[in-house]
Amino acid sequence: MNDKAILITSDKCWMEHTAITQLDNVAALPGVVRAVGLPDLHAGRSPVGIAVETKGLLPASYRQRYWLRNGPVPNGLRPTQI
């Protein structure tokens, strides 16, 4: 798991592997300082039940959506180009 990804859970809480993978992918996006998976984390088009801290970015939903569908975002690509 990525060093910037944090998962808040307990032994009583079951998490889907897909949701954890999505959390890890979001944490790897450029500009993400930290991505936290909350106890209600589950997979969706993008992970549901996360909080993302970014630096120098507006809401990262476009980049996140691009990453989850296509892989790493090319350098210099603006959200309006996705």
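These figures come from a predicted structure and were not determined experimentally.

Analysis parameters
Residues numbered from 1 in each chain as written. Predicted model: local features only at pLDDT ≥ 70, side-chain atom pairs only at ≥ 80, totals over all residues. Heavy atoms only, no water. Pairing = 2+ DSSP bridges. Helix = DSSP H or I, 4+ residues; strand = E, 2+ residues; numbered from the N terminus. Axes fitted to C-alpha atoms, helices over the stretch in contact; angles between N-to-C directions. Contact = heavy atoms within 4.5 Å.

## Regarding the pairing of strand β3 (residues 48-54)
The side chains of a regular strand alternate between the sheet's two faces. In this structure, strand β2 (residues 32-42) lies alongside β3, joined through six bridges in antiparallel fashion. Each bridged residue has a counterpart across the sheet, and for H42 the counterpart in β3 is V48. The turn joining β2 and β3, which pair antiparallel and follow one another in sequence, is formed by five residues.

## Observations concerning the sheet that holds strand β1 (residues 5-7)
Reading across from one edge, β1-β2-β3 is the order of the three strands in this open sheet, with mixed pairing throughout. Lying at the two open borders of the sheet, with one neighbouring strand each, are β1 and β3. Across the sheet, the mean angle separating the axes of adjacent strands is 20 degrees when strand polarity is ignored. Packing against the sheet, helix α1 (residues 17-27) makes contact with β1, β2 and β3, and its axis sits at approximately 165 degrees to β2.

Worth remembering: the numbers are spatial, not functional.
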